[in-house]
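One-letter residues, chain by chain:
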Amino acid sequence: MSDWLIVTGICLVSIIGTRLWLKPRRQKVGFRRDLLRSRSRLDQVYLFDGNQLLDRTDHGNRADQAHILDWVGLRRELAVEFPGFPTSPNEVRSKGEIIVPPIDGNQNRDVLCEWVDGIVRVHLRTLNPGKGSRSTCQQDPLRVAMDKAPYPVWYMNKDNQVRWCNHAYTNLARKVRGQDPDLNTPLFPEEDIFKLPSKKSRVAISPQDQDHKLWFDVSIVSEEEGNLCYAVDINAVVDAELAQRNFVQTLAKTFAQLSIGLAIFDRNRQLALFNPALIDLIALPAEFLSSRPDLFGFFDRLRDQNMMPEPKNYSSWRHQFDDLLKAAVDGHYQETWSLPSGSVYSVSGRPHPDGAVAFLFEDITAEITLTRRFRSELELGQSMMDRLDIAVATFSSDGTLAFSNRSYHQLWQVDPDLSFAQITVQDATKIWQDQCIATPVWGRIRDFVDLRDNRIEWSAMVTTRDGVKLSCTISPVQGGATMVRFQTNGTVNQSIQQAQLTD
């Protein structure tokens, strides 16, 4: 009887133990099935016991994911798109739940890692499959704003690996590296973007298999765990600068052929452009001009080199210089500099676009010398003609009085130099006619001055109202001019001498 009781007890204990062991197992299988469920057929779910993969959805059993056997394999698979994926299940266990956003800032998917009764559940979620999507107001406004920014924005950790980027950065990466780029590797080289800490760095990147470059201004904001980076497209600025540089080079080549010295100062009054002729004219070294001196320094150096007139009062020179600059900006500055060396420069100031001002230096020494010599010769010729007893008047081809000597002035009691208006042959013959007895000679003289061909010297006698007979000789002169001479043997000379004594 006792043996039977013992056997019966053992059987009961075995049955109870078996049922207790089978019940949790059935519950565990059902629990896993519940954990593998998801709202979308596009979602993938992975279950882990520690680092070991327990189960995954059928969608996650694709052939291209057969290598995912543990936590390390899954992290290697997801780290490219989700760089914030936990390094171990212990992180999930300690925090209970971790949501990992994608690197490209896409608001329609993420990874949910959660700790559920000793099992780590990894859920690759599709957040916007249809009607159940989250609205923009329900999403992180700051993240939405960054993702919709028109310029690339990205975040790098201390190892300079990209951990987040916005949509513009993703598009740029596809443009540069192809349709399936590695977003973890930065697009912009570290040595370029970190060469100017806390300042903008101009960086160029080149798309694959293309020669042209894309230019950006990259700014970096340092954080405790990494760096937040911003890139602004400046291709239009670079193209404009290149066009301006080419234009300036073209101008420089053009100005290099000029004999006039050119100095252009920008809106900041610094020397922006000069040509080789300027170096030859003002004798300033090219090194000094290439250092872009300001306007005051430029003219002070000219004064030190005796290449400009010495001001009478240097203390007032600065005030005079302000007037000079204002006149140049208005386009009214024009002066002739007589230098101590004997050279003569014509200096003019002209306004240029964008607040710039240009100064032109021209050596007019030869011209001034020639003018002075010509004027001296004219004065000498005038002096010689004034010594003659013969009254002489010369009319140009257009019939205006071009020259007359002192004897002519005293004979007819006129001084053409005192008249503001030009004296014509009609005016002159009227004066002669008023002081002489009527004669057709005056009309013949007017006709002769107007002639262009068959002009031969001729003479005639005229008589003044005082009875003085004058020999009038009309001669053609080179260039279509006409010379008229009045001469008498004694009476004119006596009257001229009397007029000289009276004077």
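All figures in this text were calculated on a predicted structure; none of them were measured in a lab. (Residues numbered from 1 in each chain as written. Predicted model: local features only at pLDDT ≥ 70, side-chain atom pairs only at ≥ 80, totals over all residues. Heavy atoms only, no water.)

Q: Could you give an account of the overall build of the protein, with specific residues and numbers?
A: Summing up its helical and strand segments, the protein has 16 helices and 20 strands in all. The burial tally for the protein puts 38% of its 503 residues in the buried class. Pairs at least 24 apart in sequence give 39% of the contacts found in the protein among residues at least 6 apart. For the protein, the exposed surface amounts to about 30,500 Å²; the carbon and sulfur share of it is 52%. (Helix = DSSP H or I, 4+ residues; strand = E, 2+ residues; numbered from the N terminus. Buried < 20%, exposed > 50% of the residue type's maximum accessible area, 1.4 Å probe, protein only. Contact = heavy atoms within 4.5 Å. Areas by Shrake-Rupley, 256 points an atom, 1.4 Å probe, with all protein chains shown as cover.)

Q: Describe the sheet that holds strand 11 (residues 261-265), naming the residues involved and giving the relevant values.
A: Across the sheet, 5 strands lie side by side as 12-11-15-14-13; this open sheet has antiparallel pairing. Single-partner strands in this sheet number two, and they are strand 12 (271-274) and strand 13 (333-338). Strand-to-strand twist across the sheet, computed as the mean angle between neighbouring axes with direction ignored, equals 20°. Pairing of strand 13 with strand 14 (residues 344-351), which is carried by 6 bridges, proceeds in the antiparallel orientation. Bridge assignment links tyrosine 333 to a residue of strand 14, and that residue is glycine 349. Each of strand 11, strand 13 and strand 15 (357-363) is contacted by helix 10 (residues 295-304), which is oriented at about 15° to strand 15, the strand it contacts most. (Pairing = 2+ DSSP bridges. Axes fitted to C-alpha atoms, helices over the stretch in contact; angles between N-to-C directions.)

Q: Describe in detail the packing of helix 14 (residues 425-435) against helix 15 (residues 441-450), supporting the description with residues and values.
A: Two numbers describe how helix 14 lies on helix 15: the axes approach to 10 Å, and their chain directions differ by 165°. As far as their axial angle goes, helix 15 and helix 14 are roughly antiparallel. Crossing of helix 14 against helix 15: the hand is right-handed. Across the interface between the two elements, Val425, Gln426, Thr429, Trp432 and Gln433 of helix 14 pack against Trp442, Ile445, Arg446 and Val449 of helix 15. Here the contact of helix 14 with helix 15 is built from residues that sort into 5 nonpolar, 3 polar and 1 charged. (Parallel < 35°, antiparallel > 145°, perpendicular 65-115°, else oblique. Left-handed = near helix turned anticlockwise from the far one by under 90°. Nonpolar A, V, L, I, M, F, W, Y, C, P; charged D, E, K, R; others polar.)

Q: Would you mind going over the pattern of salt bridges in detail, with residue names and values included?
A: By the definition in use, this model includes 9 salt bridges. For arginine 125, the salt bridge identified is with aspartate 110, shortest N-O distance 2.9 Å. Taken together, the residues arginine 125 in strand 5 (residues 119-126) and aspartate 110 in strand 4 (residues 109-116) connect sequence positions 15 residues apart. Accessibility assignment for this pair places arginine 125 and aspartate 110 in one class, buried. Across the pair arginine 121 and glutamate 114 runs a salt bridge, and its minimum N-O distance is 3.0 Å. Summarising the burial analysis for this pair, arginine 121 and glutamate 114 share the class buried. (Salt bridge = Lys/Arg side-chain N within 4 Å of Asp/Glu carboxyl O.)

Q: Go over the nonpolar core, please, and point to the residues and values.
A: Of all hydrophobic cores here, the largest spans 27 residues; its most connected members are Phe298, Leu302, Trp337, Phe359 and Phe361. Among the elements of the structure, strand 11, helix 8 (276-282), helix 9 (286-290), helix 10, helix 11 (317-330), strand 13, strand 14 and strand 15 are those that each provide at least two residues to this core. Once residues within four sequence positions are removed from consideration, phenylalanine 359 is found in contact with Gly261, Leu262, Ala263, Phe265, Leu295, Phe299, Leu324, Ala328, Tyr333, Ser348 and Gly349. The next biggest cluster of nonpolar side chains, apart from the first, holds 25 residues, and it includes Leu401, Ala428, Phe448 and Phe486. (Core = buried A, V, L, I, M, F, W, Y, C linked by side-chain atoms within 4.5 Å.)

Q: Requested: an account of unusual backbone geometry, with residues and values cited.
A: Although it is not a glycine, arginine 269 sits at a positive phi angle of roughly 65°. With respect to the secondary-structure elements, arginine 269 resides in the loop between strand 11 and strand 12. Phi at alanine 283 takes a positive value of approximately 60°, unusual for a residue other than glycine. The class for alanine 283 is partly exposed, based on a relative accessible area of 44%.

Q: Tell me what's going on with the confidence of the model for the protein, and back it up with residues and numbers.
A: For the protein, mean pLDDT is 81; residues scoring 70 or higher make up 83% of the total. Note on residues 18-27: pLDDT under 50 across the span, and 0 contacts to partners over four residues away in sequence or across chains. (pLDDT = per-residue confidence, 0-100.)

Q: Please provide a residue-by-residue account of the sheet that holds strand 7 (residues 162-165), values included.
A: If you walk across this open sheet you meet the 5 strands as 7-6-10-9-8, and the pairing is antiparallel. Strands at the two margins of the open sheet, each flanked by one partner only, are strand 7 and strand 8 (201-205). Put simply, the sheet's adjacent strands are angled 30° from each other on average, direction ignored. As paired strands, strand 8 and strand 9 (residues 214-222) are joined by 5 bridges and run antiparallel to one another. Bridge pairing in strand 9 links serine 201 to valine 218.

Q: With reference to specific residues and values, describe the environment of leucine 360.
A: With respect to the element layout, leucine 360 can be found in strand 15. Given the relative accessible area of 29%, leucine 360 is considered partly exposed. Beyond its immediate stretch of four places on either side in the chain, leucine 360 contacts Ile260, Gly261, Leu262, Ser346, Val347 and Ser348.

Q: Break down the environment of phenylalanine 298 for me, with residues and values.
A: In this structure, phenylalanine 298 sits in helix 10. In sequence terms phenylalanine 298 and leucine 284 are 14 residues apart; their C-alpha atoms lie 9.3 Å from each other. Here phenylalanine 298 is in contact with Ala263, Phe265, Leu278, Ile282, Leu284, Phe288, Leu289 and Phe361, once residues within four sequence places are set aside.

Q: Summarise the side chain of threonine 170; cite the residues concerned and give the values.
A: Within the secondary structure layout, threonine 170 lies in helix 5 (residues 167-177). Once residues lying within four places of it in the same chain are set aside, the contact partners of threonine 170 are Asp104, Cys165 and Leu183.

Q: Hey, could you go over the packing of aromatic side chains for me, with residue numbers and the actual values?
A: Considering all chains together, one arrives at 20 aromatic pairs under this definition. Measuring from centroid to centroid gives 5.1 Å for phenylalanine 48 and tryptophan 71, while their planes differ by 75°, and the two rings are edge-to-face. Residue phenylalanine 48 is found in strand 1 (residues 44-49), and its partner tryptophan 71 is found in helix 2 (residues 71-78); the two are separated by 23 residues along the sequence. Taking 5.3 Å as the distance between ring centres and 85° as the angle between the ring planes, the aromatic pair formed by phenylalanine 298 and phenylalanine 299 counts as edge-to-face. Taken as a pair, phenylalanine 298 and phenylalanine 299 share a single burial class, namely buried. An aromatic cluster is built from Phe265, Phe298, Phe299, Tyr333, Trp337, Phe359 and Phe361, whose rings are joined through pairwise contacts. The positively charged end of arginine 301 is found above the aromatic ring belonging to phenylalanine 288, 4.4 Å away from the centroid. (Phe/Tyr/Trp six-rings, centres within 6.5 Å; stacked < 30°, edge-to-face > 60°. Lys NZ or Arg CZ within 6 Å of the ring centre and 35° of its normal.)

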